[in-house]
Amino acid sequence: MTAIELKLGDITKFNGDAIVNAANESLMGGGGVDGAIHYAAGPELNNECARLNGCRTGEAKITAAYRLPAKYIIHTVGPVWHAQPSDAKKLKSCYVNSLRLAIQNDCKTVAFPSISTGAYGYPVSAAARIAITTIQNYPSNLIATIICYDRKTFQAYQAILNR
Ligand code: AR6
C-alpha cells in the first residue's frame, strides 16, 4: 500500500522529495505541467534532459529539480488517448515506474500531476481510477500527493478516492 493525499494547486510549489512531470518523449519541454515545471526549474533542467536520450511512453527518468523546492523531477510520458486497451496499461506503467524511481532515490514524498488528461486527452475519471488504484496497490512507505490544477480534475479524483 502507498498512502495518497489529494490537493488542488500547482505542482511546481511542492516542497517534498520528488515531483513527477507529465512530459513528452523528447523530454525537452512542452506546454501544460511540463512547460510550468521547465519554466520554474530554469534552463539547467533542459541541459540535463538533453543528455537523457528521451523517454518512451510509460517509462520514467529522473533529474535534479534545480530552482524548484523539490529535490528531484521524475519525468514520465503518458499515453496519448486512443481509446484502446493499451492506453490503460501504459498509463499504469507511468505510475509504477515513477514510484519505483522515487524509492530507488530514497524519496519519502512524491507528487503526481494528472498524467495524460490534458493535451494527451485521456478521460479524467478513467485516468483517475488508474492513478489511484496503481498508487494504492504499490507496496511502499511513500506518501504520494496527487496535485490537481483545476477543480473539475480534483473532483474526479476525489470521487474515486472516496469510493
Ligand atoms: N501543476 C499541476 N498540474 C498542472 C499544472 C501545474 N502547474 N499545469 C497543468 N497541470 P498536460 P498530458 C495539469 O497537458 O495530458 C505537454 O505539452 C493539467 O491541468 O500538462 O500528459 C507535454 O510536453 C492537466 O490536468 O499533460 C506533452 O507533449 C494535467 O496537468 C503533453 O503536454 C496534465 O495535462 C503531455 O500531455
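None of these values were measured; they are calculated from a predicted model. (Residues numbered from 1 in each chain as written. Predicted model: local features only at pLDDT ≥ 70, side-chain atom pairs only at ≥ 80, totals over all residues. Heavy atoms only, no water.)

Enquirer: Can you walk me through the UniProt feature "domain: Macro" (unreviewed entry) in the protein chain in this structure?
Expert: Within this structure's numbering, the places UniProt gives as "domain: Macro" (unreviewed entry) are residues 3-131. End C-alpha atoms of residues 3-131 are separated by 12 Å, and the span's content is 35% helix alongside 21% strand. (UniProt positions renumbered as here; feature names shortened; annotations may be inferred. Helix = DSSP H or I, 4+ residues; strand = E, 2+ residues; numbered from the N terminus.)

Enquirer: What should I look at first to understand the confidence of the model for the protein chain in this one?
Expert: Reading fine detail from the predicted coordinates is not recommended where pLDDT is low. Taken as a whole, the protein chain shows an average pLDDT of 98; of its residues, 100% reach a score of 70 or greater. As a predicted assembly, this complex carries a pTM of 0.98 together with an ipTM value of 0.99. (pLDDT = per-residue confidence, 0-100.)

Enquirer: How should the site of the ligand be read in this particular structure?
Expert: Taken together, the neighbourhood of the ligand is formed by 22 residues, with N24, G31, D34, G118 and A119 sitting nearest. Here an oxygen atom of the ligand sits 2.7 Å away from a polar atom, N or O, in the side chain of N24. G31 places a main-chain nitrogen or oxygen 2.7 Å from an oxygen atom of the ligand. Burial of the ligand by the surrounding chains reaches 89%, relative to a free accessible area of 700 Å². At the level of secondary structure, the elements contributing two or more residues to the shell around the ligand comprise β2 (18-23) and α1 (32-41). Sorting elements by how many residues they give to the shell around the ligand places α1 first, with four residues. When the residues that make up the shell around the ligand are grouped by side-chain class, the tally is nine nonpolar, 10 polar and three charged. (Near = heavy atom within 4 Å. Polar contact = N/O pair within 3.5 Å; in protein donor to acceptor, adjacent residues only side chain to side chain. Areas by Shrake-Rupley, 256 points an atom, 1.4 Å probe, with all protein chains shown as cover. Nonpolar A, V, L, I, M, F, W, Y, C, P; charged D, E, K, R; others polar.)

Enquirer: Could you clarify how one ought to interpret the pattern of salt bridges in this entry?
Expert: Oppositely charged side chains are able to pair whenever their charged atoms sit close together. Evaluated as defined, the whole model comprises four salt bridges. With a shortest N-O distance of 2.8 Å, K71 and D17 are connected by a salt bridge. Here the residue K71 occupies a position in the loop between β3 (60-64) and β4 (72-77), and D17 occupies one in the loop between β1 (3-8) and β2, the gap between them amounting to 54 residues. (Salt bridge = Lys/Arg side-chain N within 4 Å of Asp/Glu carboxyl O.)

Enquirer: Help me out: how do you make sense of helix α3 (residues 85-104) in this one?
Expert: In an α-helix, one turn spans 3.6 residues; hence positions three or four apart end up facing the same way. With 20 residues, α3 should reach 28 Å at 1.5 Å per residue; the first-to-last C-alpha distance of 29 Å fits that figure. Looking at α3, one finds that the buried residues are D87, L91, C94, Y95, V96, S98, L99, L101 and A102. Where α3 is buried, its residues touch β2, β3, β4, β5 (109-112), α4 (124-137) and α5 (151-161). One or two residues past the end of α3 sits D106, with phi positive at roughly 60 degrees. (Expected span 1.5 Å × (residues − 1). Buried < 20%, exposed > 50% of the residue type's maximum accessible area, 1.4 Å probe, protein only. Contact = heavy atoms within 4.5 Å.)

Enquirer: Where do I start with the sheet that holds β5 in this structure?
Expert: The strands making up a sheet associate through hydrogen bonds between their backbones, and the pairing can be parallel or antiparallel. Judged by pairing direction, the sheet is mixed, and its six strands sit side by side in the order β1-β6-β5-β2-β4-β3 without closing on themselves. What marks the edges here is a single partner per strand, and that holds for β1 and β3. With strand direction ignored, the average angle separating the axes of adjacent strands in the sheet is 25 degrees. Two strands pair when backbone bridges link them, and β1 and strand β6 (residues 143-148) are joined in this way by six bridges, in the parallel orientation. Counted as the bridge partner of E5 is T145 from β6. Lying over the sheet, α3 contacts β2, β3, β4 and β5, oriented at roughly 155 degrees with respect to β4. (Pairing = 2+ DSSP bridges. Axes fitted to C-alpha atoms, helices over the stretch in contact; angles between N-to-C directions.)

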